[in-house]
Amino acid sequence: MSSHRLFTDDFKTTPYWWDRTPRPENVDQALPDAADVVIIGSGYTGLSAAIQTAQQGLHTVVVDAEQAGWGCSSRNGGQVSTSLKPTFQELSKKFSADKALEIIREGHNAMDWIRGFIADNNIDCDYHETGRFHAAHDAYHYDWLKHRIESQPKEFKVDARMIPVDQQQEEIGSETYHGGAVFPYHASIDPARYHQGMLRCALDAGVHITGNCRVNDISRSQSIFKVATEKGEIRAKHVIVATSGYTSRTTPWQQRRVIPIGTYMIATEPLPEEQMDRLIPNNRVITDTRKLVVYYRNCPERKRILFGGRVSLNETNPQISGPRLHHELRNRFPELENTRISHSWMGFVGYTFDEMPHLGVHDGVHYCMGYCGAGISLASYFGACIGRQVVGNPEGKTGLDSTPFEGRFYYRGNPWFLAPSIFYYRWRDELLSRVRGIRQAK
Ligand SMILES: Cc1cc2nc3c(=O)[nH]c(=O)nc-3n(C[C@H](O)[C@H](O)[C@H](O)COP(=O)(O)OP(=O)(O)OC[C@H]3O[C@@H](n4cnc5c(N)ncnc54)[C@H](O)[C@@H]3O)c2cc1C
């Protein structure tokens, strides 16, 4: 299908979620000239931190360069999981076994935290523990996944079960994969609606929100920070940087440690109910085992498929990424060849060199960022932790506090190495698939 015919007549380059949950209006307040805490960034991290500091009576101001929640937090795939990328085995090569366990446990703490926060605050955001089907591309990936699940430390077994290839139709209407694993406690959510609920909690706690107010500089005079913004200067006792994939030269130390990586999504036009039942029968969120991962799911009404991934070496625009994601979608579900795309959008996730989030203090400025594409639970939870750290609450302590937040001598904010890395991983994914396919056939 030509790109032109691939898009519906009402095709949009804004997130599908923004149709379902229109962007918040009338939350913006004028910038005061002083506060106890200024938080830069109004996504899950910034708001979650703000709720903690405001609830302890600190005058808290959240500023965002755009409207509240404009960044990843209202445009993501809505797949909620324990999220930490490194495995226990990988972590124990770097840290002691106890420390590795402590870090892994934080992913589960984050999952518990988000579940509790949504329930305690009655946030209507289509949070459902649908489970995840993590699909294996070939027999080798299936065995690797099985080994990974089975070799978790005894005291910390991951709740998961393997689905062999001859049973995978129960999970997905696709022939592309070689079985996979189901993680029953992973969840789906409407991310923008969740953000809106968090925003309401922040406003109820007395947080002051100023949108369209980019921070250009942070300086310090004795114990007071001066935060220079597009709307004037604000003085504060504490500053929290919560900008993750949108971190810029305003905070150069953090910018040299977080790599912004564009990730892209499409929504299909509405599909017939029986087709939805066949393609993703259990309504689970889906990912797969390649290094260049794709992620997809049904929308909450079960009418469309929302499909995401990285489809270009360099950053591109949604008009170009849309057809490429459609190609990937068709590879999994050939029957969607003539299905059109109603939305195509993107956002920048914050990646780190060790694939772990980081929170802490540098030069007196608190920061919390780098969820490596999996921040719904992590940003919400670690955001709350950094807020608690600012008010001196020991419950804000985390297993990640003492892990070094490393940069690289060759990176000063321009991720020139992304295109070659993506090229290499794509080539490796393809090559390994072919080699394993030939071996299996023998
Ligand atoms: C397409 C897409 C799909 C994703 N899918 C998933 C998923 O399925 N599951 C999952 O767990 N995670 C997913 N993520 C990642 C997840 O959304 C993020 O990790 C999380 O939202 C990060 O929240 P945050 O508050 O740290 O940052 P953000 O929500 O990105 O907020 C940062 C904010 O900082 C503001 N800002 C930046 N610089 C300045 C400045 N100088 N002055 C003022 N404001 C500034 C920005 O405007 C922005 O609003 C996805 C992300 C994208 C883009």
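Refer to the structure above for everything that follows.
Residues numbered from 1 in each chain as written. Predicted model: local features only at pLDDT ≥ 70, side-chain atom pairs only at ≥ 80, totals over all residues.

Caption draft 1: Molecular detail of the overall build of the chain. Looking only at helices and strands, the chain features twelve helices and 19 strands. Projected onto its principal axes, the C-alpha coordinates of the chain cover approximately 70 × 55 × 45 Å. When the 442 residues of the chain are sorted by exposure, 48% land in the buried category. The contacts in the chain between residues at least 6 apart in sequence include a share of 75% that link residues at least 24 apart. (Helix = DSSP H or I, 4+ residues; strand = E, 2+ residues; numbered from the N terminus. Buried ≥ 20, exposed ≤ 12 C-beta atoms within 10 Å, placed from the backbone. Contact = placed C-beta atoms within 7 Å.)

Caption draft 2: Here's a closer look at the sheet that holds strand β15 (residues 294–298). Read across the sheet, nine strands follow the order β1-β17-β13-β16-β15-β14-β5-β7-β6 without closing on themselves; strand pairing throughout is mixed. The open sheet terminates on both sides in strands that have one partner only, identified here as β1 (7–12) and β6 (161–163). Ignoring which end each strand starts from, the neighbouring axes of this sheet average 25° apart. The pairing of strand β13 (residues 259–268) with strand β16 (residues 305–309) spans four bridges and is antiparallel. When the bridges of β16 are listed, M265 appears paired with G308. Sitting on the sheet, helix α10 (residues 318–332) touches β1, β13, β15, β16 and β17 (341–351), and the angle it makes with β17 is about 100°. (Pairing = 2+ DSSP bridges. Axes fitted to C-alpha atoms, helices over the stretch in contact; angles between N-to-C directions.)

Caption draft 3: Representation of the site of the ligand within the structure. As a matter of local geometry, the ligand sits amid 43 residues, with G43, G71, G77, G347 and G375 nearest to it. For the shell around the ligand, a count of residues per class yields 17 nonpolar, 22 polar and four charged. (Near = placed C-beta within 6 Å. Nonpolar A, V, L, I, M, F, W, Y, C, P; charged D, E, K, R; others polar.)

Caption draft 4: The packing of helix α3 (residues 44–55) against helix α11 (residues 375–390), seen in detail. Running from N to C, α3 and α11 cross one another at 35°; their axes reach a closest spacing of 7 Å. Between α3 and α11 the crossing geometry is right-handed. Across from Y44, T45, G46, S48, A49, A50, I51, Q52 and T53 in α3, the residues of α11 making contact are G375, I376, A379, S380, F382, G383, A384, I386, G387, R388 and V390. Class assignment for the residues of the contact of α3 with α11 results in ten nonpolar, nine polar and one charged. (Left-handed = near helix turned anticlockwise from the far one by under 90°.)

Caption draft 5: Fine view of helix α5 (residues 97–120). With 24 residues, α5 should reach 34 Å at 1.5 Å per residue; the first-to-last C-alpha distance of 34 Å fits that figure. Among the residues making up α5, those that are buried are A100, I103, I104, E106, G107, A110, M111, W113, I114, F117 and I118. On its buried side, α5 packs onto β4 (79–80), α4 (88–94) and α11. A positive phi of about 50° marks N122, the residue just after α5. (Expected span 1.5 Å × (residues − 1).)

Caption draft 6: Region of interest: the nonpolar core. Among the nonpolar cores identified, the biggest contains 73 residues, and V38, I39, A50, I114, I240 and C368 are the most heavily contacted of them. Beyond its immediate chain neighbours, meaning those up to four positions away, A50 contacts I39, T60, V62, A202, V207 and G387. Listed in part, the 37 residues of the second largest apolar core include Y16, A136, Y295 and C299. (Core = buried A, V, L, I, M, F, W, Y, C linked by C-beta atoms within 7 Å.)

Caption draft 7: The arrangement of the environment of I261 in detail. Among the secondary structure elements, I261 is positioned in strand β13. Using a count of 19 C-beta atoms within 10 Å as the deciding quantity, one classes I261 as partly exposed. With residues up to four places along the chain from it excluded, the contact list for I261 reads F348, V349, Y351 and L418.

Caption draft 8: Up close: the packing of α3 against helix α7 (residues 191–204). At their nearest, the axes of α3 and α7 sit 9 Å apart, and the two run at 30° to each other. Taken as axis vectors, α3 and α7 run roughly parallel relative to one another. α7 is crossed by α3, and the crossing has left-handed handedness. Touching Y44, L47, S48, A50 and I51 of α3 are H195, M198, L199, C201 and A202, all from α7. Class assignment for the residues of the contact of α3 with α7 results in eight nonpolar, two polar and no charged. (Parallel < 35°, antiparallel > 145°, perpendicular 65-115°, else oblique.)

Caption draft 9: Layout of the pairing of strand β11 (residues 224–229). Relative to β11, strand β10 (residues 215–221) runs antiparallel, the two sharing six bridges. Paired with R220 across the strands is F225, a residue of β11. Connecting β10 to the next strand, β11, in antiparallel fashion are two residues, including Q222 with a positive phi near 50°. Taken together, β11 and the strand that follows it, strand β12 (residues 232–241), pair antiparallel across an intervening segment of two residues.

Caption draft 10: The arrangement of α7 in detail. Between its first and last C-alpha atoms α7 spans 20 Å; for 14 residues at 1.5 Å apiece the expected length is 20 Å, and the two agree. Of all the 14 residues making up α7, eleven are buried; the element is thus mostly covered by neighbouring parts of the structure. When we look at burial in α7, the residues that qualify are P191, A192, R193, Y194, H195, Q196, G197, M198, L199, C201 and A202. Buried positions along α7 lie against α2 (16–20), α3 and α11. Immediately beyond the C-terminal end of α7, within one or two residues, lies G206, with a positive phi of roughly 95°.

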